[in-house]
Amino acid sequence: VLRNRFGNEIDTFDPGDSGFPGLLFDWIEELHQENRSLQNRLNQLVGRVAEDQLCVDMRTRQRFSLSVYFEGISDTTKLVVIDARTRFTIQRDDGKDFQFDVKVDSECGRTVLVEVKKTKAKTGTSIIKELMHKVSVYGDLHPDRILLPAVLSLGGFTDKAVEFCRAKGIGMAERIPYINKEWSSVRE
């Protein structure tokens, strides 16, 4: 059917003259760019969902130690949540805004400040140092609170980041444990 209908065009078609290979490669490059864009959006959504899940789960527990979620936390005090928020913003004296992905206040005077990351690459020390700067600013604004910083990195941590977190007492997690089987063993 094609030969009958388009025989002359097929016989005289020269892919080199029409720019067909170039068009094909341009189209493939556009598809790669669109794929990268969609992957970035997906990573952002996964990170936001993880923030919301972590915040809701912390809010619904009665009493829990932060070690239920994060390793490397030396403070084993049981927290009783009185306020839990996502995407909490603070402002320095010079007007610069900082945002914490999750902020949880306990009635005992402790505040958990969590950075959530979902990236293809593992979380490195630069992100954790940024978190510690934000924690320092928050501490200056709220000197009466005991601050417990933590990082939930769904893409994992570099070896240097793990060492840095352990040295500074920063909590680390690569997943939220409540969906898995160990949830029943950590429920209090």
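Quick caveat, the model's predicted, so the values are computed rather than measured.

Analysis parameters
Residue positions are given per chain, counted from 1 along the sequence in the order it is written. Local features in this predicted model are restricted to residues of pLDDT 70 or higher, and side-chain atom pairs are both shown and tallied only at a pLDDT of 80 or more, whereas totals for entire chains, interfaces and linings draw on every residue. Calculated side-chain values reflect all of the structure's heavy atoms, with hydrogen atoms and water omitted. In this description a helix means any DSSP run of H or I spanning at least four residues, a strand means any run of E spanning at least two, and both kinds are numbered starting from the N terminus. The cut-offs for exposure are 20% and 50% of the maximum accessible area for each residue type, with area from a 1.4 Å probe on protein chains only; residues under the lower value are buried, those over the upper are exposed, and the others partly exposed. Note on contacts: a residue pair qualifies if any of its non-hydrogen atoms lie within 4.5 Å across the two residues. For the area figures, the Shrake-Rupley method with a 1.4 Å probe applies, and any residue is considered shielded solely by the protein chains shown. Pairs of strands are assigned from DSSP output, requiring at least two bridges between the strands. Convention adopted: a line fitted to C-alpha atoms gives each axis, helices being fitted over their contacting stretch, and angles between N-to-C directions are expressed from 0 to 180 degrees. Residues belong to one nonpolar core when they are buried, are Ala, Val, Leu, Ile, Met, Phe, Trp, Tyr or Cys, and are joined through side-chain atoms within 4.5 Å. We define a salt bridge as a contact between a side-chain nitrogen of Lys or Arg and a carboxyl oxygen of Asp or Glu at a distance within 4 Å.

Engineer: Any chance you could explain the overall build of the protein chain here in plain terms?
Structural biologist: Looking only at helices and strands, one finds 6 helices and 7 strands in the protein chain. When the helices and strands of the protein chain are listed from N to C terminus, the series reads α-α-α-β-β-β-β-β-α-β-α-β-α. Per-residue burial over the protein chain gives 37% buried out of 188 residues. Pairs at least 24 apart in sequence give 56% of the contacts found in the protein chain among residues at least 6 apart. In the form shown here, the protein chain has an accessible surface area of approximately 11800 Å², with 51% of it arising from carbon and sulfur atoms.

Engineer: Looking at this structure, I do not really get the sheet that holds strand β6 (residues 146–153). What am I missing?
Structural biologist: In sheet architecture, strand pairing relies on hydrogen bonds along the backbone and comes in two forms, parallel and antiparallel. Reading across the sheet, the 5 strands line up as β3-β4-β5-β6-β7 and stay open at both edges, with mixed pairing between neighbours. In this open sheet, the two edge strands, each paired with only one partner strand, are β3 (81–91) and β7 (171–173). Across the sheet, the axes of successive neighbouring strands diverge by a mean angle of 25 degrees, strand direction being ignored. As defined by bridge partners, β6 adjoins β7 across 3 bridges and the pair is classed as parallel. Bridge pairing in β7 links L152 to A173.

Engineer: Teacher, can you tell me more about the nonpolar core here?
Structural biologist: Here is a general trend for soluble globular proteins: nonpolar side chains tend to be buried in one another's company. Formed by 23 residues in total, the largest nonpolar core has its most connected members in L54, M58, L66, F70, V114 and L152. Going through the elements one at a time, α3 (20–60), β3, β4 (97–106), β5 (110–117) and β6 are the ones with two or more residues in this core. If you tally residues by element for this core, the top one is α3, at 4 residues. Every residue in contact with V114, bar those within four places of it in the chain, is listed here: L54, F70, F100, D101, V102, A150 and L152. One finds F98, I128, V137 and Y138 within the second-largest nonpolar core, a separate group that totals 18 residues.

Engineer: How should the pattern of salt bridges be read in this particular structure?
Structural biologist: Note that side chains of opposite charge can pair when their charged atoms are close. One pass over the structure, following the stated rule, counts 12 salt bridges. Among the ionic pairs, D83 bridges to R85, the shortest N-O distance being 2.9 Å. Take D83: its relative accessible area is 21%, and that puts it in the partly exposed class. Across the pair K134 and E115 runs a salt bridge whose closest N-O atoms are separated by 2.9 Å. With K134 in helix α4 (residues 125–141) and E115 in strand β5, this residue pair connects regions lying 19 residues apart in the sequence. Look at K134 and you get buried, because its relative accessible area is 10%.

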